[in-house]
Amino acid sequence: MDHKFIADRAAKFTPSVLMQLQSMMSGMDDIIDLSIGDPDFTTPEPILTAGYQDALKGYTHYSPAKGYPDVIQAVIDSYKKKMNIDLDADRVIIEASSAYSCFLACFATINPGDEILLADPTFLAYKSQIAYAGGVPVFFPTYEEDHWRIKAKNAEPFITEKTKGIFLCNPNNPTGACLHKEDLQAIYDLAEKYDLLIYADEIYTSYSYEVPFTSMLTIPGAAERTIVLNSLSKNFVATGARLGWVIAPPEIITSMMRLGVNVVYTAPSISQRMAKFALEQGEAYLEPIMAEFKERMFKTAERINRIPHLSVQSPPPGSFYLFVNVKETGLDDVEFTMKVLKDAHVTVVPGSDFGDQGKGYVRICATQALPKLLEACDRIEKLGL
Ligand SMILES: Cc1ncc(COP(=O)(O)O)c(C=O)c1O
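Residues numbered from 1 in each chain as written. Predicted model: local features only at pLDDT ≥ 70, side-chain atom pairs only at ≥ 80, totals over all residues. Heavy atoms only, no water.

### Overview of the pairing of strand S4 (residues 136–141)
On a regular strand, each side chain points to the face opposite its neighbour's, so the side chains alternate between the two faces of the sheet. Inspection of the sheet shows strand S3 (residues 115–120) paired to S4 by six bridges, in the parallel sense. Bridge pairing in S4 places Ile116 opposite Pro137. As a crossover connection, the stretch from S3 through helix H6 (residues 125–132) into S4 is right-handed. (Pairing = 2+ DSSP bridges. Helix = DSSP H or I, 4+ residues; strand = E, 2+ residues; numbered from the N terminus. Right-handed = clockwise from strand over helix to strand, strands pointing away.)

Dropping the structure here:
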């Protein structure tokens, strides 16, 4: 971007291929857009009604800086009920989305020059936010042969005296990789050995198929060096609510709160009321939605594996993303993406948008109904790549 008033800091950030694809799609009216990481379901009505009813009762103001106490309690109760994790209120803060929580977490913990480890490929906002905070993102590889699971042994060679922390996304966007208990234990052991902070993004908690979801907080000792990010966005199909929560050592929570009150001030009050209901009673409304995501993922993965030269882990491990190997087509992932967009009117995202290890893969989001997903596969197959 070139304008005399644009700061150097902002000018450095160029649009991702995903953003470019959005503009290329305009004008194609039969497009099947599988690039969007936003569930296509509307948030279940009872969750919306709970927010609305509480708004009518007057919850339309700023909340306390850390969030409403009863919403914090709902987070505590849900972790106890679902994962048998005990939390104190001073370890929880409610914030406006996990993207913003991640930003605050980076600003609260990263000093200029601190190196932060990131799995390659992963959700790239981490890289930007680490850099905004003055940190240095350092990628370590994950591999298809390992089902893309984050292995501590692959991160260790990248540790220097400047390494301060390690990011985990479990289940991972874009690979869907789910970390097993032994992976989490090994990462915790590494963090302890080198005195690292763990940033654990667990926003796809409900989308774990390969193994039951395991939080980093279940590893003994991890709570003292872990910042967990979670939100309504994916687990309660409520991306527009912009509502998240963070679990971390009390000092980090306080620091995030002090930073946050000077930016957004408090998390949206009506969305907080939705969160209270969602965490306390929302699960039942989500079950059919999660069952449908699982069916879409399993059936689309099977279908993809019947397309010559494409392959994907089947059954898929987790998330609502399929990370498809396109190497045998002879096209690289960007060429493949452009070809299927232009000739099949199907939008996918090149894997290299998520890191170098993603070269040769594309991400397909199961955020359309199954017939659409299967039609997209038919269209891609017909190209004979
Ligand atoms: C891994 C990951 N973390 C965080 C986010 C942002 O979540 P939120 O809507 O809670 O800001 C996304 C959104 O796609 C994501 O994939």
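Still more ground to cover, so stick around.
### Let's talk about helix H10 (residues 250–260)
When we look at burial in H10, the residues that qualify are Pro250, Ile252, Ile253, Met256 and Gly260. Down the axis of H10, the buried set is contained in an arc of 160 degrees. They therefore lie on one face. Seen from the buried face of H10, the exposed residues on the opposite side, beyond 90 degrees, are Glu251 and Arg258. Tucked inside the fold, the buried residues of H10 contact strand S2 (92–95), helix H5 (98–109), strand S6 (197–201), strand S7 (226–231) and strand S8 (244–247). (Buried < 20%, exposed > 50% of the residue type's maximum accessible area, 1.4 Å probe, protein only. Arc of directions from axis to C-beta. Contact = heavy atoms within 4.5 Å.)

### Description of the nonpolar core
Of all hydrophobic cores here, the largest spans 89 residues; its most connected members are Tyr79, Ile94, Leu168, Met216, Leu232, Trp245 and Val324. The leading source of residues in this core is helix H11 (residues 269–304), at 12 residues. If you count residues domain by domain, this core takes at least three from each of domain 1 (8–43 + 284–382) and domain 2 (45–282). What Met216 contacts, discounting residues up to four positions off in sequence, is Leu168, Leu184, Tyr188, Ile198, Ala200, Glu202, Ala222 and Thr226. Judged by nonpolar contacts, the second largest core, of 24 residues, contains Phe167, Tyr199, Ile227 and Ala248. (Core = buried A, V, L, I, M, F, W, Y, C linked by side-chain atoms within 4.5 Å. Domains from an automatic or database assignment.)

### Overview of the sheet that holds S2
As a general point, the strands of a sheet are linked pairwise by backbone hydrogen bonds and lie either parallel or antiparallel. If you trace the seven strands from one edge of the open sheet to the other, you get S2-S8-S7-S6-S5-S3-S4, paired in mixed fashion. Across the chains shown, the open sheet's two edge strands, defined by having one partner strand only, are S2 and S4. Along the sheet, successive strands turn relative to each other by an average axial angle of 20 degrees, direction set aside. Where S2 meets S8, four bridges bridge the pair, whose relative direction is antiparallel. What sits directly across from Val92, in S8, is Ile247. Here helix H4 (residues 69–83) sits on the sheet in contact with S2, S7 and S8, set at roughly 120 degrees to S2. (Axes fitted to C-alpha atoms, helices over the stretch in contact; angles between N-to-C directions.)

### Some thoughts on the site of the ligand
In the region of the ligand, 14 residues are neighbours, and Ser98, Asp201, Tyr204, Ser233 and Arg242 sit closest. In the environment of the ligand, a nitrogen atom lies 2.6 Å from a nitrogen or oxygen atom belonging to the side chain of Asp201. Ser231 places a side-chain nitrogen or oxygen 2.8 Å from an oxygen atom of the ligand. Against a free-state accessible area of 400 Å², the protein chains account for coverage of 91% of the ligand. If you list the elements that add at least two residues to the shell around the ligand, you get H5 and helix H9 (232–235). Taken together, the residues that form the shell around the ligand break down as six nonpolar, five polar and three charged. (Near = heavy atom within 4 Å. Polar contact = N/O pair within 3.5 Å; in protein donor to acceptor, adjacent residues only side chain to side chain. Areas by Shrake-Rupley, 256 points an atom, 1.4 Å probe, with all protein chains shown as cover. Nonpolar A, V, L, I, M, F, W, Y, C, P; charged D, E, K, R; others polar.)

Just geometry here; none of it tells us what the structure is for.
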